[in-house]
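# Examining the three-dimensional arrangement
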Amino acid sequence: MEPRFNPTAEQLFELEPDHGFNFIRRKERIDALVAEGRFSEACEARYDAFMLLAEALPDDEPMPLRWEHTNSRAAISILYGSAMDHFRIGDLEMCMAQLELLLDIDPEDHFESINLLALCYVAYEEWESFDDLALDLSDKSAEAVVAKLWASQRRDGKVDRATLAILR
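Our subject in this report is the structure included herewith.

## Some details on the overall build of the chain
Of regular secondary structure, the chain possesses eight helices and two strands. Written out in order from the N terminus, the α and β elements of the chain read β-β-α-α-α-α-α-α-α-α. C-alpha atoms of the chain, sized along the principal axes, occupy 55 × 40 × 25 Å. Within the span of the chain, comprising 168 residues, buried residues form 44% of the whole. Within the chain, residue pairs in contact and separated by at least 24 positions form 54% of the contacts whose partners lie at least 6 positions apart.

## Some points on the environment of Arg161
Summarising the element assignment, Arg161 is placed in helix H8 (residues 161-167). Among the residues examined, Arg161 registers a relative accessible area of 68% and is labelled exposed.

## Observations concerning the packing of aromatic side chains
According to the stated counting rule, one finds four aromatic pairs in the structure shown. Between Tyr80 and Phe111, the aromatic rings sit 4.4 Å apart at their centres with planes inclined by 5°, giving stacked as the arrangement. Highlighted residues: Tyr80 in helix H3 (residues 70-88) and Phe111 in the loop between helix H4 (92-105) and helix H5 (113-123), separated in sequence by 31 residues. On the basis of relative accessible area, Phe111 is assigned to the partly exposed category, the value being 27%. Aromatic pair Trp127 and Phe130: ring centres 6.3 Å apart, planes at 90°, arrangement edge-to-face.

## A short note on a negative patch on the surface
A cluster of acidic residues, Glu93, Glu100, Asp104, Glu126, Glu128 and Asp132, forms a negative patch on the protein surface. Among the elements of the structure, H4 and helix H6 (127-134) are those that each provide at least two residues to the negative patch. Examined against the element boundaries, Glu93 turns out to sit in helix H4.

## Re the environment of Phe50
Secondary-structure assignment places Phe50 in helix H2 (residues 39-56). The exposure class assigned to Phe50 is buried, which follows from its relative accessible area of 7%. Along the primary structure Phe50 and Ala75 are separated by 25 residues, whereas in three dimensions their C-alpha atoms are 7.9 Å apart.

Conventions used here
- Think of each chain on its own: its residues are numbered from 1, step by step along the sequence as written.
- The model is predicted, so local features are restricted to residues of pLDDT at least 70 and side-chain atom pairs to those at 80 or more, both for listing and for counting; the totals for chains, interfaces and linings are taken over all residues.
- Hydrogen atoms and water are omitted, and side-chain values are computed over all heavy atoms in the structure.
- Counting from the N terminus, the helices are the DSSP runs of H or I reaching at least four residues and the strands are the DSSP runs of E reaching at least two.
- Exposure categories follow from relative accessible area, calculated using a 1.4 Å probe and restricted to protein chains: below 20% of the type maximum is buried, above 50% is exposed, and the middle band is partly exposed.
- Every residue pair with non-hydrogen atoms within 4.5 Å of one another is taken to be in contact.
- Between rings of Phe, Tyr and Trp, where Trp is taken as its six-membered ring, a pair exists when centres lie within 6.5 Å; planes separated by under 30 degrees are stacked, by over 60 edge-to-face, and by other angles tilted.
- Residues form patches when they are more than 30% accessible in relative terms and have no salt bridge. Like charges link within 9 Å. Nonpolar side chains (Val, Leu, Ile, Met, Phe, Trp, Tyr) link within 5 Å.
- Each accessible area value is a Shrake-Rupley result obtained with a 1.4 Å probe; residue values ignore everything except the protein chains displayed when judging cover.
- Note on definitions: salt bridges are taken to be side-chain nitrogens of Lys or Arg within 4 Å of carboxyl oxygens of Asp or Glu.
- Charge convention: Lys and Arg are scored as positive, Asp and Glu as negative, and His as well as the terminal groups of each chain are ignored.
- Lysine's charge is taken at NZ, arginine's at CZ, aspartate's at CG and glutamate's at CD.

This is the structure we're talking about:
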């Protein structure tokens, strides 16, 4: 079955929980697995849900989801969780791909995933991507400042003093 995305007046979309796309139930199951200490199974369930979501989204245009819609929010939350799983195991390429998708479907960035994506770009020396993203990093976020410091150290071999002062 095809997923159903309902457009909203705010130019966002709501992913309806029918035809196997009930991310609310998927998130409840994942949360239950975590509560039971079955972390590996929870990671697999998050990844399976991510794959379902990625296949449901169109390739040619962004599909920003409405955070206030319960099923859409559950899908966003699961995607973030899967990106964190991949970050924890050191699979930064998958983490970056998931975070990029996350920013497409959650342009308000409710999980502040832009900071983790910036750190991944620095780790992979994806400077062009980092520079594009750096414009949106906030000096109010410790993670963003650390990403900027790390980038200056990796690029120039020294830490930018002005950015270090912000961190202090």
